[in-house]
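The lines below spell out each chain.
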Amino acid sequence: EAHDEIILENINSSVGVDDTFYILGDFTVGSNSGSIKMEKSIAYQHYRSRIRCKNIIYIRGNHSLDKSKLRELNIFSRVCDYHELRHKKNLICMFHYPIHSWNGMSKHSYHFFGHEHKGRVRGRSMDVGLDGNNFKPHKLDDVIEFLSTQLILTEGHHAQYR
């Protein structure tokens, strides 16, 4: 419970009500242990109701409910398996899993994922999950600024520096 409270407090103190918040999977796995006991769909509703941000885009992960069930819950602005975003001329590809190649990777695009829970960086690809950042959400501009200094990987085995 303390873990969950820290995460919720960090989200609500970092993400504004009118911001867009991206969750890259594993929002909750439900719980059958400890003092919290709730079925997974109830857990989704419970934790979502505690986040003040109105616009949450949820990119499903390996512990997620299926897409139709998530859409039925109607708690996220959008539910998808993969999402692309243009931000200040930057293409950002978001997927729960780390992938070896993504759209525009040799043209300065970025790949954000959340599956590994460690904050791992590979070229311009980064695990942006809360647990790799002291349970705090990353700011989009901060991640782009950091990754812009990293090696640009290209499809195949070639790499070049910026």
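The rules we used
- Residues numbered from 1 in each chain as written.
- Predicted model: local features only at pLDDT ≥ 70, side-chain atom pairs only at ≥ 80, totals over all residues.
- Heavy atoms only, no water.
- Helix = DSSP H or I, 4+ residues; strand = E, 2+ residues; numbered from the N terminus.
- Contact = heavy atoms within 4.5 Å.
- Buried < 20%, exposed > 50% of the residue type's maximum accessible area, 1.4 Å probe, protein only.
- Arc of directions from axis to C-beta.
- Phe/Tyr/Trp six-rings, centres within 6.5 Å; stacked < 30°, edge-to-face > 60°.
- Pairing = 2+ DSSP bridges.
- Axes fitted to C-alpha atoms, helices over the stretch in contact; angles between N-to-C directions.

Asks: Can you lay out the environment of Ser-109 for me, pointing to particular residues and giving the numbers?
Replies: Inspection of the secondary structure puts Ser-109 in the loop between β5 (90-95) and β6 (110-113). It is 8.8 Å that separates the C-alpha atoms of Ser-109 and Ile-152, two residues lying 43 residues apart in sequence. Not counting residues within four places of it along the chain, the set of residues in contact with Ser-109 comprises Leu-91, Trp-102, Asn-103, Gly-104 and Arg-124.

Asks: Report on helix α2 (residues 40-49), specifying residues and quantitative values.
Replies: Those residues of α2 that fall on the buried side of the exposure criterion are Ser-41, Ala-43, Tyr-44, Tyr-47 and Arg-48. Viewed along the axis of α2, the buried residues span an arc of 155°, placing them on a single side of the element.

Asks: Could you give an account of the packing of aromatic side chains, naming the residues involved and the relevant values?
Replies: For the structure on display, the rule yields 8 aromatic pairs. Here Tyr-44 and Tyr-58 contribute two aromatic rings whose centre-to-centre distance is 5.9 Å and whose plane-to-plane angle is 90°, an arrangement assigned as edge-to-face. Pair noted here: Tyr-44 is in helix α2 and Tyr-58 is in strand β2 (residues 55-59), with a separation of 14 residues, a long-range link. Look at Tyr-44 and you get buried, because its relative accessible area is 0%.

Asks: Can you lay out the sheet that holds β2 for me, pointing to particular residues and giving the numbers?
Replies: The sheet built from 3 strands is open, its strands ordered β1-β2-β3 with parallel pairing. A single partner strand is all that each edge strand has here, and the edge strands are β1 (20-23) and β3 (78-80). On average, adjacent strands in this sheet sit at an angle of 15° to one another, irrespective of strand direction. In this sheet, β2 lies alongside β1 in parallel orientation, the contact comprising 4 bridges. Across the sheet, residue Tyr-22 finds its bridge partner in β2, namely Ile-57.

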